[in-house]
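Per-entry structural report
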Amino acid sequence: MQNFTFDIPTVIHFGKGQIEKLGGEIAARAHRVLVLYGGGSVRRNGVYDAAIRQLQAHSIAWVDLPGVEPNPRIATAREGIRLCREEKLDGVLALGGGSVIDCAKCVAAGALYDGDPWDFSAKKAVPEQALPLFTVLTMAATGSEMDSIAVMSNPETCEKESFSAPCCYPAVSILDPTYTYSLPAFQTAAGTADIMSHTFENYFSPVETSYLADSLAEAILRACVRYGAQAVKTPDSYEARANLMWCASWAINGFLNMGKPVGWSVHRMEHELSAFYDVTHGVGLAILTPNWMRYVLSEGTEHRFARYGVEVWGLDRSLPQRELAEAAIEKTRAFFSSIGLPATLGELGIGPKHFEEMARKARTANFDRTFVPLSVEDIVNIYRLSL
Ligand code: NZQ
Ligand code: ZN
């Protein structure tokens, strides 16, 4: 295990009815907040009304910013920053999934930054301060409710880039699993694939001595397999929704990569798919992941996939290692299909036209330090395998 620092300042209130704590938490830190939400799901499922009742009960003023897009756009964050400055707001409240929360992080940091917020994504600046951020999560997927990352898109330049800074952790997040009952099966499945992908990115690392983190990763993957399928079939299963929600937060809050280098290769490849084709993040990951696994499978890596097969899929550990590894990869592919996710880029109408450019943009120096180093050519090959 390598050295690490673990410091998550986010207060989590988890469970049914925990929205009751929202007003008090905000009032302790802010008086006037920007309320961000997406295309209207929070208006339909009661989350918006419940949050506004909290603001009213604690005499907190607010300004709405609806219409945050899935794969949130930098133009929307600029609008939020303008509102924060004009209306003299001192806090940001996000009601929604990862897109709304990420946009809220960009607004919270951008409001206190003397420059354009795309500078964060372009790595020209790192946020040093941010308005306090509060989140009410409505979708188990990205873990943005308990991490310091935001991913913003700029459709004009076909760019989708992340940034991260300690000031971007939410101050308080409300995680009520019942708020995810209204999530459509397709988004439930995409969210499950995203949680699993975060776990894979951490699990498949060149350092294999983080036994505690790896065992938790396996538990999260088993929970995703069990409860992802259950939530798709039975959207109002509290047990399924609650387990998925807590898995989402822990898959990316830093615990799983403690003491090891992580390349986030499949995520880098997926972000280019979203940048060029605006695909749903979890769908892109579900398509790329089994093909990435197959591509990096070798004599040197098969033991890791074999362990994954035994611990997550319950495969018979007495089978030959290569057989176990291949079966584990096929189980992964079959699981994503079983919960209704597409298996090929062709199904999304995506062809090879931009693969070279996407691969060049996706590849960072991290690709040299990851589980299996990948060149631009390797990335193109993985895109091609996914067609
Ligand atoms: O816009 P609304 O109407 O709210 O509808 C949303 C949206 O259409 C809908 N939805 C969310 N909760 C719902 C609901 N519909 C009914 N009932 C509910 N309870 O679901 C759709 C997708 O929402 P979105 O927020 O886009 O999904 P997700 O949480 O998967 O976020 C995806 C974004 O997060 C980024 C992704 O790249 C993508 O841009 N990521 C953020 C990360 C982070 N901050 O750490 C890491 C991830 O790897 C990821 O890259
Ligand atoms: Zn992700």
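Reference entry: report on the structure contained in this document. Just so it is clear, the structure is predicted and the values come from calculations on it, not from any experiment.

Here is what the cut-offs are and how they apply
Residues numbered from 1 in each chain as written. Chains lettered and ligands numbered in written order. Predicted model: local features only at pLDDT ≥ 70, side-chain atom pairs only at ≥ 80, totals over all residues. Heavy atoms only, no water. Phe/Tyr/Trp six-rings, centres within 6.5 Å; stacked < 30°, edge-to-face > 60°. Helix = DSSP H or I, 4+ residues; strand = E, 2+ residues; numbered from the N terminus. Salt bridge = Lys/Arg side-chain N within 4 Å of Asp/Glu carboxyl O. Buried < 20%, exposed > 50% of the residue type's maximum accessible area, 1.4 Å probe, protein only. Near = heavy atom within 4 Å. Areas by Shrake-Rupley, 256 points an atom, 1.4 Å probe, with all protein chains shown as cover. Nonpolar A, V, L, I, M, F, W, Y, C, P; charged D, E, K, R; others polar. Domains from an automatic or database assignment. Donors = N, O, S within 2.8 Å, 3.2 Å for Na, K, Ca; no water. Core = buried A, V, L, I, M, F, W, Y, C linked by side-chain atoms within 4.5 Å. Contact = heavy atoms within 4.5 Å. Axes fitted to C-alpha atoms, helices over the stretch in contact; angles between N-to-C directions. Parallel < 35°, antiparallel > 145°, perpendicular 65-115°, else oblique. Left-handed = near helix turned anticlockwise from the far one by under 90°.

Tallied over the full model, the rule gives 20 aromatic pairs. Pairing Phe6 with Phe255 gives two aromatic rings, centres 6.0 Å apart and planes at 80 degrees, and the pair type is edge-to-face. With Phe6 in the segment before strand E1 (11-14) and Phe255 in the loop between helix H9 (238-252) and helix H10 (265-277), this pair connects stretches of sequence that are 249 residues apart. Ring centres of Phe335 and Phe336 lie 6.1 Å apart, and the angle between their planes is 50 degrees; on these two criteria the pair is classed as tilted.

Per the stated rule, a full pass over the model turns up 19 salt bridges. Note that Asp278 is salt-bridged to Arg73, the shortest N-O span being 3.8 Å. In this pair, Asp278 is assigned in the loop between H10 and helix H11 (281-296) and Arg73 in the loop between strand E3 (61-65) and helix H4 (74-86), connecting sequence segments 205 residues apart. Asp278 sits in the partly exposed class, given a relative accessible area of 43%. A relative accessible area of 33% places Arg73 in the partly exposed class. Between Glu330 and Arg333 there is a salt bridge, with the nearest N and O atoms lying 3.4 Å from each other. Residue Glu330 and its partner Arg333 are both found in helix H13 (residues 321-338); the two are separated by three residues, about one turn of the helix. A residue is classified by how much of its surface remains accessible, and Glu330, at 35% relative accessible area, is partly exposed. For Arg333, a relative accessible area of 23% puts it in the partly exposed group.

Neighbouring ligand 1 are 32 residues; Gly39, Gly98, Ser99, Asp147 and Lys160 lie closest to it. When ligand 1 sits alone it has 950 Å² of accessible area, and the protein chains cover 89% of it. The set of elements that each furnish at least two residues to the shell around ligand 1 consists of helix H5 (98-110), strand E6 (149-154), helix H7 (185-203) and H10. In the shell around ligand 1, the residues fall into 10 nonpolar, 18 polar and four charged. Looking at which domains feed residues into the shell around ligand 1, each of domain 1 (11-179) and domain 2 (183-385) gives three or more.

Surrounding the zinc ion (ligand 2) are the protein donor atoms Asp194 (OD), His198 (NE2), His267 (NE2) and His281 (NE2), which sit 2.0 to 2.1 Å from the metal. Counting the intervening residues between successive donors of the zinc ion (ligand 2) yields the motif D-x3-H-x68-H-x13-H. Separated by 69 residues along the polypeptide, His198 in helix H7 and His267 in helix H10 bring together distant segments of the chain. With respect to burial, His198 and His267 carry one shared label: buried.

Taken as a class, soluble globular proteins show a tendency for nonpolar side chains to be buried jointly. Counting residues in hydrophobic clusters, the biggest one holds 103 residues, and the most contacted among them are Leu36, Trp292, Phe305, Tyr308 and Tyr383. Counting contributing residues per domain, this core is built from domain 1 (11-179) and domain 2 (183-385), each supplying no fewer than three. Excluding its chain neighbours within four sequence positions, the residues that come into contact with Tyr383 are Met269, Glu272, Leu273, Leu288, Leu345, Phe355, Met358, Ala359 and Ala362. Leu22, Val33, Val42 and Ala51 belong to the second-largest nonpolar core, a separate cluster that totals 23 residues.

Packing of helix H12 (residues 302-313) against H13 brings their axes to within 7 Å, and their N-to-C directions diverge by 60 degrees. Judged by the angle between their axes, H12 and H13 are oblique. The hand of the H12/H13 crossing is left-handed. Residue-level inspection shows Glu302, His303, Phe305, Ala306, Tyr308, Gly309, Val310 and Trp313 of H12 in contact with H13, the latter providing Gln321, Arg322, Leu324, Ala325, Ala328, Ile329, Lys331, Thr332 and Phe335.

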